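Reading the structure
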Amino acid sequence: MHNEFKPLTPKFPKFVHGGDYNPDQWLDHPEILEEDIKLMKEAHCNCMSIGIFAWATLEPEEGVYRFEWLDSVIDNLYNNGIYTVLATPSGARPHWMAKKYPEVLRVGPNRVRNLFGKRHNHCYTSPIYREKVWQINTKLAQRYSNHPGVILWHLSNEYSGDCHCELCQKAFREYLKDKYKTLDNLNKAWWTSFWSHTYTDWSQIESPAPHGEDIVHGMNLDWNRFVTHQTSDFIKWEAKAVKSVNPDIPTTINMMMYFDGLNYQVIKDDIDVISWDAYPKWHHVGDETQVASEFAMYHDLMRSLKDRPFMLMESTPSMTNWQEVSKLKRPGMHLLSSLQAVAHGSNSVQYFQWRKSRGSSEKLHGAVVDHYGKSDTRVFRDVRDVGIALEKLQCLYDSNVKAKVALIFDVENAWGVNDSQGPRNCGVKYKETVLAHYRALWELGVSVDIIDMTCDLSKYSVVIAPMVYMLRDGFSDRVKKFVSDGGSFVMTYWSGIVNETDLCFLGGMPGEMMDVMGIRSEEIDSLYDGETNCIVKCGEAPDTMKEKYTASELCDLIHCITAKPLYTYGEDFYAGMAALTENDFGKGKSYYIASRNEPAFQKDFYRELLKRTDVEPNFKGELPYGVTVGKRVGDKDYLFVQNYTKNEQTLTLDREYTDILSGEKYAGTLSLKPYDVKVII
Amino acid sequence: MHNEFKPLTPKFPKFVHGGDYNPDQWLDHPEILEEDIKLMKEAHCNCMSIGIFAWATLEPEEGVYRFEWLDSVIDNLYNNGIYTVLATPSGARPHWMAKKYPEVLRVGPNRVRNLFGKRHNHCYTSPIYREKVWQINTKLAQRYSNHPGVILWHLSNEYSGDCHCELCQKAFREYLKDKYKTLDNLNKAWWTSFWSHTYTDWSQIESPAPHGEDIVHGMNLDWNRFVTHQTSDFIKWEAKAVKSVNPDIPTTINMMMYFDGLNYQVIKDDIDVISWDAYPKWHHVGDETQVASEFAMYHDLMRSLKDRPFMLMESTPSMTNWQEVSKLKRPGMHLLSSLQAVAHGSNSVQYFQWRKSRGSSEKLHGAVVDHYGKSDTRVFRDVRDVGIALEKLQCLYDSNVKAKVALIFDVENAWGVNDSQGPRNCGVKYKETVLAHYRALWELGVSVDIIDMTCDLSKYSVVIAPMVYMLRDGFSDRVKKFVSDGGSFVMTYWSGIVNETDLCFLGGMPGEMMDVMGIRSEEIDSLYDGETNCIVKCGEAPDTMKEKYTASELCDLIHCITAKPLYTYGEDFYAGMAALTENDFGKGKSYYIASRNEPAFQKDFYRELLKRTDVEPNFKGELPYGVTVGKRVGDKDYLFVQNYTKNEQTLTLDREYTDILSGEKYAGTLSLKPYDVKVII
Amino acid sequence: MHNEFKPLTPKFPKFVHGGDYNPDQWLDHPEILEEDIKLMKEAHCNCMSIGIFAWATLEPEEGVYRFEWLDSVIDNLYNNGIYTVLATPSGARPHWMAKKYPEVLRVGPNRVRNLFGKRHNHCYTSPIYREKVWQINTKLAQRYSNHPGVILWHLSNEYSGDCHCELCQKAFREYLKDKYKTLDNLNKAWWTSFWSHTYTDWSQIESPAPHGEDIVHGMNLDWNRFVTHQTSDFIKWEAKAVKSVNPDIPTTINMMMYFDGLNYQVIKDDIDVISWDAYPKWHHVGDETQVASEFAMYHDLMRSLKDRPFMLMESTPSMTNWQEVSKLKRPGMHLLSSLQAVAHGSNSVQYFQWRKSRGSSEKLHGAVVDHYGKSDTRVFRDVRDVGIALEKLQCLYDSNVKAKVALIFDVENAWGVNDSQGPRNCGVKYKETVLAHYRALWELGVSVDIIDMTCDLSKYSVVIAPMVYMLRDGFSDRVKKFVSDGGSFVMTYWSGIVNETDLCFLGGMPGEMMDVMGIRSEEIDSLYDGETNCIVKCGEAPDTMKEKYTASELCDLIHCITAKPLYTYGEDFYAGMAALTENDFGKGKSYYIASRNEPAFQKDFYRELLKRTDVEPNFKGELPYGVTVGKRVGDKDYLFVQNYTKNEQTLTLDREYTDILSGEKYAGTLSLKPYDVKVII
C-alpha cells in the first residue's frame with residue numbers, strides 16, 4: 001500500500017501518548033520536575049513536547065544561551081523511557097529582541113506596529129527575525145538532534161497571522177510580480193477597472209486595510225495566498241536550520257482546527273509529519289453528533305493531507321478555558337474522544353498540557369496534572385486509561401484508513417466564497433455545508449478522504465463537491481476525466497461561479513462544469529431563516545428516497561441541458577424546475593443538487609448512491625443514531641465502534657468479533673455503554 | 001401649473017429607460033461592446049449613464065488623456081438611438097493621484113489619513129483635488145457637451161462622507177466664524193459652559209472625534225451642516241466646470257435612500273434635476289406594504305425637493321448583492337416597482353447596472369445582462385417589459401403628482417433628535433415615526449409631499465409634523481400663519497424641545513408652538529418594549545374612530561391650555577390626562593398627538609381629518625389591504641393602481657376606466673393579479 | 001459607639017438636601033439666578049454643590065482668575081440659609097490648558113493621545129496638570145475656605161479612568177520596582193515564563209495594550225492597582241492643596257455605583273467623608289426588588305467604607321437621560337428612594353442637578369427645576385416633600401446602622417475573577433452572586449456591612465464570602481481566627497483559586513482555606529444557560545429547608561475532609577457528591593456552598609443560619625415580598641419600613657409604633673400604600 005505508515009522515526013515505532021511539557025516554568029521547583037517523571041510513568045505517557053515557548057529561558061540575553069536545564073530534562077525523560085518532541089521556540093520571541101529590533105514585531109492592517117505581547121507577534125519576512133530563528137534552531141539541533149530520546153521537531157507553534165509592515169509590502173509586491181509578470185495582467189485578474197482602481201505602478205500596491213482597500217476580492221485572495229506563501233517560506237527556513245545538522249529527525253507543525261488563515265494543502269509539503277490540535281466542545285446543548293462528525297471530518301482532513309497517519313498533537317485531558325461554558329468531560333468521553341482520533345488515522349494522543357501553569361492566561365485550561373499535583377483525580381485516571389488502551393492497540397500501528405469516497409473542502413474556495421458579497425450575506429455557510437454532506441457519510445459509517453480541488457481524483461469511486469464556487473485551475477478537467485472513466489461526481493448549488501482570481505465565468509454558470517453536469521443555472525434565490533421550499537420526487541428518483549424533502553436558504557434555478565431531473569421544486573414561482581439532476585457523462589454519472597436540503601436528503605441520497613458504486617460501509621448492518629464505525633486497514637480490518645450518545649446502544653453483528661481493549665468476544669449483538677468505544681476485529 | 005415637467009433637455013423629452021454602463025471594463029472585449037448595443041435595443045433601453053468610475057481610464061497618467069474609447073461608445077450609442085448621461089469621474093480618484101498628492105485622500109475622525117481604496121475617499125476641501133476635478137471635467141465638457149447624444153451631466157457618484165484633515169478643520173473654523181461672528185456667540189449656542197468647554201480661541205475648535213469631543217450636540221449639528229455646506233460647495237465647483245463650456249446641459253447628482261449624511265434640501269439648489277438610487281428590499285419576511293410605503297415616501301421626498309418630476313437613476317433589475325438575504329424578484333414585481341417610481345413622479349427607470357462586472361465587490365449585484373451574456377433570461381425579459389410599458393406611458397410624460405397634504409421629514413431634526421440622549425435611547429425612532437404617519441396616507445391612497453421645516457406651507461390643506469424635536473427658525477411662524485389661514489396642522493409628542501443649535505426652549509414645551517397647539521407638556525414617560533398604555537375616546541372625538549387605541553414607547557404628559565381633549569390616557573398614574581387634543585387657532589385647527597399609537601389610530605384619524613378638509617383620495621372607493629392608488633395629473637388624471645400582495649385583489653369602480661398598458665377597459669370592478677399594476681384613465 | 005456620626009462640620013449638623021448647582025451656565029441670566037434662590041427655599045433645600053466644572057469660568061486664561069461671580073453666588077446662598085459644598089474644578093480642564101500643555105491630556109491604551117473633549121480626560125501623573133490643579137485649588141481655598149457658608153470640599157468629579165502616556169509608563173515601572181524590588185520577583189509573580197514573557201529589563205514593562213499584552217493576569221491586576229494608587233496620590237494632592245489653607249473643612253469625592261475601576265477601600269482613607277452618586281433604574285420590567293436590593297447593598301457598601309454615615313451626593317429627582325428607556329418615577333418613588341439612602345446610613349439627599357442645562361449632552365437629564373422654570377411640576381413637589389421629610393427626621397441625625405453580618409465584596413477579587421479565563425466565560429457573575437446573597441438578607445430585613453477581604457472581621461457574628469476566587473493576603477488567617485472564636489463563616493464555589501498575584505494555589509483548592517472549610521474541590525462543572533442540576537437534603541440539614549433546590553451554571557465537585565454534607569447533588573455523574581457542607585472549626589462553624597442555587601436556597605439557608613447566631617432581623621414578624629425594613633440605631637431604634645411594590649401591603653406589629661413623618665400611631669397592623677415608606681419608632 002502506497003500510504004502505509006512509516007513510523008515517525010525508527011527510534012520510536014509506537015503510538016505516542018504524552019503532551020506539551022513546560023519544565024521551564026518550574027525550574028525553581030526541582031521537586032516538581034522529579035514528581036513529573038513519576039507521574040508520567042504512572043499515566044503511561046511515553047513522550048513529551050518540550051521547549052515550545054522557551055526562548056526567553058534558552059537565550060535570556062542576545063547570544064547568551066542556557067541549555068543545561070534542557071539537557072537535564074531530556075536526559076531524565078529518556079532515562080525513564082520517555083521520548084522528546086523538541087520544539088523550536090519561534091512562536092514567541094523574548095522581550096530583549098523586540099526592544100532591540102522593533103522590526104521583528106508585527107504591523108497590523110491599520111499599519112500600526114504591535115507592542116511586545118502575546119504569541120505570534122512576529123514578522124515572518126523580517127531578515128533579523130529569520131536570522132535569530134536560524135541561530136537558535138541550529139544551536140538546538142547541534143545540541144539535541146542526535147540525542148537518542150529526541151524523535152521529532154515541533155516547529156514553532158500554531159503558525160498563523162499576517163503582518164503589514166513595509167518589508168511585507170515589498171515581499172507582497174515581489175510575489176505579485178512573480179505571479180503576474182505585468183501590471184496589465186494583474187489589473188485584468190483583479191478587475192481593477194471597477195471603481196477606477198487600475199494600478200499603473202507596482203509601488204501603488206498595498207495589502208488590504210480597513211482604511212484603504214479591502215473589497216477587491218482578487219487582491220484579498222492573493223493576499224491570503226501570499227500569507228501562506230510567506231509562512232511556508234518561513235517554515236522551510238526553520239526546517240532547513242534544524243535539518244542542516246541532522247536531516248534524519250522529521251519535522252511537524254501543529255496545525256489548527258477551523259483554521260482558514262493558511263492553506264495547509266500548500267504547507268503540508270514543507271514538513272514530514274502532519275499533526276494538529278483538536279479541541280471539540282463536547283457536551284454542548286443537544287446531542288454530541290454534530291461535534292463528533294465535525295471532528296471526524298477534521299481528523300480525516302489531516303490524514304488526507306499526506307494520505308498517511310498523523311499525530312493528535314494537542315487535546316485537552318479535561319476542559320478548555322476558552323469556551324463560553326467549560327463543561328467537564330463525562331465518564332467515558334476522554335477515551336472515546338481520544339480513540340476517535342486513532343480511528344481516523346492518528347498514531348498519537350497528546351495533550352496541552354502535562355501540568356497546569358500557575359499563572360497567566362491559560363492557567364485554568366485542563367491538564368493531566370492539576371494544581372493539586374497528585375494522581376488521585378478523575379482526569380488523571382482517564383488519561384492513564386488512554387495510555388493503557390494505546391498500548392493494547394499497538395497491533396494496529398501499521399494500519400491506516402482507506403477511503404473510496406472523497407469530499408472536497410478547499411480553503412481557497414472558502415476565501416473566495418466567504419469574501420464575496422453574494423446571495424446570502426447573513427451566512428453563505430460553506431464550512432457548514434461541507435460538514436452537512438460529511439455527516440451523512442459519518443452516519444452511514446463510510447470512510448472519507450477530505451481533499452481540495454488540486455488533489456488527484458483518480459483513486460476514488462465517488463467525489464463530492466459542495467459549493468465549489470471557485471473552480472481551481474485544472475479541477476474541471478480532472479472531474480471530467482474522473483466521470484468519463486466511470487466515477488460518480490456530486491456537485492451542489494453555488495458552484496462554478498468564478499475562476500481562481502475570483503472573476504466570474506462568462507457564458508453561463510457553473511462555467512466549465514456545465515457540460516459534465518448537463519445543466520445551466522440562471523439565477524439563485526435566497527430564503528430568509530425560517531422560510532422553506534421543498535423538492536418533490538419525479539421520474540426516475542430512487543425508490544428508497546422520500547417523496548419530498550424540505551429546502552431552505554439557497555435554491556438554484558437551473559435549466560436541464562443533457563441532465564434529467566430526479567427532483568423538482570415543489571413551491572414558489574419556480575415550482576417544477578429541476579432541483580436534483582443526474583447526468584450521464586462517459587462511463588460515469590454526475591449529480592447536481594440545486595437546493596440546500598434537510599439532513600435526511602443527504603443521508604438518503606448518499607446511501608442510494610453508494611449502493612450503485614463499489615463503496616462499502618465499514619459496518620455491515622444498521623447503525624443506531626449517534627453510533628458510527630470507523631475502520632483502519634492493516635494486516636486485518638480494525639473497526640472502531642463509537643457510541644456518542646448517553647444511552648446504551650446495541651448493534652446486530654454479522655459474525656463474531658473480538659474487542660482488542662477488553663479481550664471480550666461478541667457474537668449476535670454488541671452492546672455499547674454510554675460514550676463507549678470498542679475496537680473490534 | 002408651476003411645477004409642470006420641463007423635459008430634462010429638449011433633445012430627449014421622453015421617459016428614460018437605461019442604466020449605468022461601464023464599457024471601460026470591457027475595452028478588450030470589442031465583441032461584448034457590440035453585443036451590448038444589440039441587447040440594449042432588444043431591451044427597449046434608450047439611455048445609458050457612462051463614465052462614472054472611469055477616471056483611471058480617461059487619465060491613466062497625470063495630464064495624459066484617453067478619450068478615443070469614449071468617443072466611440074457615445075457615437076455608437078447615439079447612432080443606435082441611445083442617449084448618454086455623462087458622468088464626471090470624481091467619485092473615485094486614480095492611484096497615481098493619491099500617490100503623488102496624499103492630501104486628496106480623506107482623514108478619518110481618528111485623524112488617520114486613509115490609504116487609497118474604495119470609493120468616496122477624497123477630501124472635498126483639498127485645492128489639489130478640486131483642481132484635478134476641474135481639469136478632467138472641463139476636458140469632458142469640451143469634448144462631449146455639444147454631442148447630440150449627451151443629455152445630462154451625472155456629477156460624481158452618491159456624494160457622501162466627511163474628512164477631518166487639517167484643511168477641513170480650517171474650513172470648519174472659517175464656516176463657524178462666518179456663522180457666529182464671535183466666540184461668545186458660539187459658546188452660548190453650543191452651551192459650552194457645560195463641562196468647562198468654553199472656547200477662548202478659534203484654533204481650539206476641532207471636528208468631532210471619538211478620542212476628543214463628540215457629545216456636544218451643538219457642535220455635532222454644525223459639523224453636519226458644514227459637511228453639507230462643503231459638499232454643496234464642491235458640487236457647485238463640479239457643475240461650474242462643466243457648465244463653463246456649455247451651460248445648456250443640465251446637471252444631476254444621484255442621491256441615496258435612507259441617507260442623512262447630507263441635507264438634500266440644501267443641495268437640491270446646486271443641480272438642475274433630482275435623481276436618486278432606490279433599492280427596496282422586496283419579499284422580506286411579512287408582507288410588502290412596509291417596503292412599498294417606505295419607498296413611496298422616498299419617491300415623494302425626491303419629487304417634492306423641486307416639486308417636479310425626478311429620475312430614478314439606479315435600481316436593480318434583479319437582486320442586490322449587499323442585503324443579508326438577496327431574494328429574487330417575484331414575477332410582476334419588477335414592473336410594479338418600476339411603475340411605483342413613475343406613479344410618484346419619476347420620469348425614468350434606470351438600473352445599476354447594464355452588464356454585470358466580472359470581478360470585484362459588486363460582481364454579484366443584479367444587472368440587465370448577466371455574466372451569461374444573453375437575453376433569454378427572466379430578468380432581461382422583465383426589463384424589456386418595463387421598456388415597452390414606458391413607451392406606452394409617454395402620454396403622461398407631461399404630468400406630475402399634486403398634493404394637498406404635506407408631511408414634514410427634516411434631516412436637521414433627525415440629526416438633533418438622534419444625537420441627543422433623550423427619553424428613549426434604545427430607539428427614539430424618528431424616521432420610523434414619520435413613516436408610520438406616511439403609511440396611513442398611503443393606505444388611504446392620498447398624494448403627499450414630503451418637505452422639511454424650511455419649506456413653504458401655504459399651498460397645503462393639511463400639514464403633519466411628527467416629532468419636530470428641533471424647531472427650525474421661522475417654522476413656528478409659518479405654522480401659525482398656516483393655521484390662522486384655515487389649515488389643519490398635526491404635531492406629535494417630542495416636539496418643540498430645542499432650537500436650531502439644540503438649546504432647549506425655556507418656559508415650557510413645545511416652546512414657540514405652545515400657543516398654536518394650545519397645550520403644555522410637563523414631562524414624557526417612556527415605555528419598555530412590550531409595555532403598553534392606551535388612549536380612550538372622550539368628549540368630541542369623531543364617531544368613526546375607535547373607543548380605544550393602544551399606546552406604547554412614548555407618552556407625553558400634557559396640560560390643556562386652550563385645546564380640548566379628544567382622547568385621554570386610559571392607564572397608569574397619568575390616566576385621564578389628555579392624549580389627543582384639538583385646538584382652534586384662527587380659521588384653522590391644530591391637533592396634538594401625545595402618545596405613540598398603534599397604526600390603526602393614524603389611519604382612522606387621518607381618514608376623519610381629511611373628510612373635514614378639501615383633500616380627496618386618489619381613488620373613490622375602498623382600497624383592499626396592500627393596494628394603493630397614486631395619481632399623476634396632466635392633461636387628465638392618471639391613476640396608478642398597485643397591488644403589493646401576492647393575492648388577486650378586486651376594486652369596485654365608480655365609472656369606466658381604460659388601462660393604458662393593456663388597452664383594456666374596466667367597468668364595475670377592476671381585478672388585479674398578484675403584484676399587478678395598472679395605469680388607468 | 002465608635003462609629004457614631006460626627007457631623008460633616010460643626011457649621012452644619014443637619015441632613016443635607018440640595019444638589020449640583022451650575023450658576024456659571026447662567027451668568028448672563030441674572031433673573032434666573034435670583035429665581036433659583038426663591039425656588040431652593042420653596043423646595044426646602046439647604047445646600048448646593050458648586051463649581052464642579054467651572055474651571056473655564058474661574059480661570060478663563062492662564063493665571064487670570066474670575067471669582068466675583070462665585071463670591072456673589074456663595075454669599076447669596078448663605079444669606080438665604082443655603083450652604084455650599086465647594087468643588088475643585090479638576091474634573092475637566094479648560095481648552096487653553098490642553099492646547100498649551102498637551103501632556104495634560106490622556107493617552108489611550110492604543111498609545112494615541114486624546115484630543116480635548118469630554119470629562120476625565122487628563123493625566124493624573126502629569127506634573128503640569130498637578131501644578132495647575134494646585135494653583136486653582138489653593139486660590140479657591142484662600143478665597144472660600146473660611147467662608148461661613150462653605151462646609152465641604154467636593155474634590156473633582158467621579159474620579160475614574162487611566163492614562164497610558166510615557167509619564168504614566170514611567171510611574172508604573174516605579175510602582176512595580178517599589179513593590180517587587182527585583183525583576184525575578186516580578187517574573188515569578190506574573191508567571192512570565194508562560195509564552196516566553198520573562199522581563200530582563202524594567203524598561204520592557206508596558207501597560208496593558210490591545211496591540212501589545214493584555215492577558216497576563218498578574219500584570220493586569222497590578223495595572224489596576226497602579227491606577228488606584230496613582231488616582232489616590234492625585235486625590236491626596238488635591239486635598240493637600242485645599243487643606244494647606246484651612247485644614248478644618250472636610251473633603252469628599254463623589255464615588256460611583258457599579259464602578260470597579262478604582263479600589264475605594266484604598267481611596268477611602270484619602271478623604272474625610274464618603275459620598276456617592278446613585279442612579280437606580282426604577283420601574284424596569286418586572287418588579288422593583290432587584291433594583292431596590294442592589295441599591296441597598298451599594299448604600300451599605302458606602303456606609304461600611306468608614307463605618308459611619310455618608311452622603312448621597314447625586315441622584316436624579318426625575319429621570320436620567322442615559323438609560324435605554326427613561327421611565328418617569330411613579331408617585332411615591334422619589335420619597336421612597338431618597339429615604340432608602342437614609343435608612344442605610346446616608347445623611348443627605350442631593351441631586352444632579354438643581355436646574356436643567358439648556359444644551360449639551362445632559363440637557364435632558366432630570367433636574368429639580370425643568371426648562372419650564374417654575375415650581376408647579378410633579379417633580380418639584382416630590383423634591384419639596386423630601387426636604388420636608390428630612391427636616392422631620394432630624395431627630396435621628398446622630399444614629400447609624402449597626403450590622404452583625406458582613407458580606408464580602410472585594411474589588412481586587414472582581415478584577416481577578418473577571419479577567420481570568422475560567423469555567424464560564426459567558427459570565428462568571430461575581431457581582432450578581434454577591435447581590436444574590438445580599439438580597440436574601442435584604443428580604444429578611446437584616447442589617448449588613450459590605451466589606452472586602454482586608455477588613456476586620458472580629459466585630460461580626462456572620463461573615464459571608466461568595467466566590468472569593470482570589471484570597472487576599474491575610475484573609476485566610478483572619479477567617480480562621482474568626483471561626484475559631486465562634487463565628488459563622490459561609491463561602492461558595494470558585495473560591496480559593498489564586499493568590500494576590502493571580503497565581504493558582506498548589507496542593508488543592510480552596511488553597512489556604514481547605515482546613516477551615518474541611519473540604520477539597522477537585523474540579524468544577526459548568527452548565528449552559530437553561531441546564532440545571534439539583535441539590536438534595538441529606539443527614540443533618542435543617543428541617544425548615546426544602547428537600548431539594550435547583551442548581552445551575554456552576555457546580556463544584558468537592559471531597560469532604562472534615563466537613564459533613566448537608567446537601568448532595570441530585571443528578572449527573574456527580575450525583576451524591578456533597579453540595580452544601582458544614583464544618584466545625586474551633587468554636588465556630590464554616591459552610592461551603594458548592595453550587596449556584598436558586599434564590600430560595602439563600603433565603604432559607606440564611607434564615608436558618610441566623611437563628612443559630614445572635615443576629616436579629618430589624619423587624620419582628622414576617623415581611624411580605626417586596627417589603628423590607630432597615631434600622632438606624634441612635635438614642636433609639638429607627639425602623640424604615642419600605643414598600644417596593646405597586647400594591648398595598650400590611651405588616652403585623654409586635655407593639656405600638658409612631659411614624660415620624662406623619663406623626664400617626666400604629667398598633668396591630670401597619671398598612672403601606674404602593675411605594676410607601678414610614679419611619680417608625
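Parameters at a glance
Residues numbered from 1 in each chain as written. Chains lettered and ligands numbered in written order. Predicted model: local features only at pLDDT ≥ 70, side-chain atom pairs only at ≥ 80, totals over all residues. Heavy atoms only, no water. Helix = DSSP H or I, 4+ residues; strand = E, 2+ residues; numbered from the N terminus. Rg over C-alpha atoms; globule rule 2.2 N^0.38 Å. Buried < 20%, exposed > 50% of the residue type's maximum accessible area, 1.4 Å probe, protein only. Areas by Shrake-Rupley, 256 points an atom, 1.4 Å probe, with all protein chains shown as cover. Lys, Arg positive; Asp, Glu negative; His and termini not counted. Charge placed at Lys NZ, Arg CZ, Asp CG, Glu CD. Pairing = 2+ DSSP bridges. Axes fitted to C-alpha atoms, helices over the stretch in contact; angles between N-to-C directions. Contact = heavy atoms within 4.5 Å. Phe/Tyr/Trp six-rings, centres within 6.5 Å; stacked < 30°, edge-to-face > 60°. Buried area = accessible area lost by both parts, 1.4 Å probe. Salt bridge = Lys/Arg side-chain N within 4 Å of Asp/Glu carboxyl O. Polar contact = N/O pair within 3.5 Å; in protein donor to acceptor, adjacent residues only side chain to side chain. Least-squares fit on C-alpha atoms with pLDDT ≥ 70 in both. Expected span 1.5 Å × (residues − 1). Core = buried A, V, L, I, M, F, W, Y, C linked by side-chain atoms within 4.5 Å. Domains from an automatic or database assignment.

1. A few points about the overall build of chain A
Each helix and strand in chain A was counted, giving 17 helices and 26 strands. Relative to the 2.2 N^0.38 estimate, which gives 26 Å for 681 residues, the radius of gyration of chain A is 26 Å and therefore close to what a compact globule would have. Going through the 681 residues of chain A one by one, you find that 68% of them count as buried. Looking at chain A as shown, the accessible area adds up to about 21800 Å², and 50% of this sits on carbon and sulfur atoms. One finds the centroid of the 77 positive side-chain charges in chain A at a distance of 3 Å from the centroid of its 93 negative side-chain charges.

2. With respect to the sheet that holds strand β4 (residues 150–154) of chain B
All names here are of chain B. Across the sheet, which stays open at both edges, the eight strands sit in the order β7-β6-β5-β4-β3-β2-β1-β8 with parallel pairing between neighbours. Strands with a single pairing partner mark the edges of an open sheet, and in this sheet they are β7 (311–314) and β8 (348–351). With strand direction ignored, the average angle separating the axes of adjacent strands in the sheet is 30°. Pairing analysis gives four bridges linking strand β3 (residues 83–87) to β4, with the strands arranged parallel. Among the inter-strand pairings, L86 is bridged to a residue of β4, identified as W153. Of the strands in this sheet, β1 (16–21), β2 (47–50), β3 and β4 are in contact with helix α3 (residues 68–79), which crosses β3 at around 150°.

3. Looking at unusual backbone geometry
In this chain, F352(A) is followed by Q353(A) through a cis amide linkage whose omega measures 0°. The topology assignment puts Q353(A) in the loop between β8 (348–351) and α12 (378–392). The amide bond that connects M509(B) to the next residue, P510(B), takes the cis arrangement and shows omega of 0°. Non-glycine residue D502(B) carries a positive phi angle of around 65°. Checked against the element boundaries, D502(B) lands in the loop between β12 (488–492) and α16 (514–517).

4. Here we look at the packing of aromatic side chains
Residue and element names in this part refer to chain B. Applying the stated criterion to the full structure yields 114 aromatic pairs over all chains. An angle of 20° between the planes, with centres 6.1 Å apart, marks the rings of W276 and F295 as stacked. Of the two residues, W276 is situated in strand β6 (residues 273–277) and F295 in helix α10 (residues 289–306); the sequence distance between them amounts to 19 residues. Exposure remark for W276: the relative accessible area of 0% places this residue in the buried category. With a relative accessible area of 1%, F295 lands in the buried category. A centroid spacing of 5.4 Å and a plane angle of 85° characterise the contact between Y549 and F601, whose relative ring orientation is edge-to-face. A residue pair is termed long-range when its members are at least 10 positions apart, and Y549 in strand β15 (residues 548–560) and F601 in helix α17 (residues 599–611) qualify at 52 residues. Neither Y549 nor F601 differs from the other in exposure class; each is buried.

5. Digging into the interface of chain A and chain C
Frequently, the measure chosen for interface size is the accessible area that the parts lose on association. Taken together, the contact between chain A and chain C spans 54 residues of the former and 56 residues of the latter. Summed over both partners, the interface of chain A with chain C buries about 4900 Å², with 56% contributed by carbon and sulfur atoms. There are seven salt bridges connecting chain A and chain C. Taking the shortest distance from any N to any O, the salt bridge between E531(C) and K327(A) comes out at 2.8 Å. Between the two partners, chain A and chain C, sit 34 residue pairs in polar contact (both at pLDDT 80 or more). No other element matches helix α4 (residues 95–100) of chain A, which puts three residues into the side of chain A that touches chain C.

6. Some remarks on the relation of the copies chain A and chain C
Overlay of chain A on chain C (RMSD 0.0 Å): rotation 120°, translation along the axis 0.1 Å. On the angle and the small slide along the axis, the relation comes out as a three-fold axis. Residue V112(A) of chain A places its C-alpha closer to the rotation axis than any other residue of that unit, at 6.3 Å.

7. Considerations on the interface of chain B and chain A
In this assembly, 54 residues from chain B lie in contact with 56 residues from chain A. When the two sides are added together, the surface that chain B and chain A hide from each other amounts to roughly 4900 Å², 56% of it contributed by carbon and sulfur. For chain B, the biggest contributors to the area lost against chain A are H95(B), K118(B) and R358(B); these three give 16% of the whole. In this structure, the salt-bridge partner of K118(B) is D214(A), at a minimum N-O distance of 3.3 Å. Counting across the interface, chain B meets chain A through 33 residue pairs in polar contact (both at pLDDT 80 or more). Elements represented by at least two residues in the side of chain B that touches chain A include exactly α2 (55–58), α4 (95–100) and α12 (378–392) of chain B.

8. Topic: α12(B)
Relative to the 21 Å expected for 15 residues at 1.5 Å per residue, α12(B) spans 21 Å between its end C-alpha atoms, a close match to the ideal helical length. Buried residues of α12(B): R378(B), V379(B), F380(B), D382(B), V383(B), V386(B), G387(B), A389(B) and L390(B), and no others. Buried positions along α12(B) lie against β13 (519–526) of chain A together with β1, α1 (30–42), α11 (333–343) and β8 of chain B.

9. Re the environment of V428(A)
Residue and element names in this part refer to chain A. Here V428 shows up in the loop between α13 (411–419) and α14 (430–443). Look at V428 and you get buried, because its relative accessible area is 11%. Spatially, the C-alpha atoms of V428 and E362 are 34 Å apart, while their sequence positions differ by 66 residues. Look past the residues within four positions of V428 in its chain and what remains in contact with it is V417, N418, T433, M467, W494 and R596.

10. What about the nonpolar core?
In summary, soluble globular proteins display a tendency toward joint burial of nonpolar side chains. Residues W354(B), F475(B) and F489(B) are the most contacted members of the largest nonpolar core, which totals 212 residues. If we ignore the near neighbours within four places in the chain, the residues touching F475(B) are I408(B), M453(B), L457(B), A465(B), V468(B), F489(B) and M513(B). Counting 211 residues, the second-largest nonpolar core is a separate cluster that includes Y65(A), A171(A), V411(A) and I497(A).

11. Let's talk about the domain arrangement of chain A
Taken domain by domain, chain A holds domain 1 (46–275), domain 2 (405–612) and domain 3 (627–680). With centres defined by C-alpha atoms, the gap from domain 2 of chain A to domain 3 of chain A works out at 34 Å.

12. Brief notes about the side chain of S193(C)
Positionally, S193(C) belongs in the loop between α7 (183–190) and α8 (217–243). The exposure class of S193(C) is buried, given its relative accessible area of 14%. When sequence neighbours within four positions are dropped, the list of residues in contact with S193(C) reads D24(A), Q25(A), F53(A) and T198(C).

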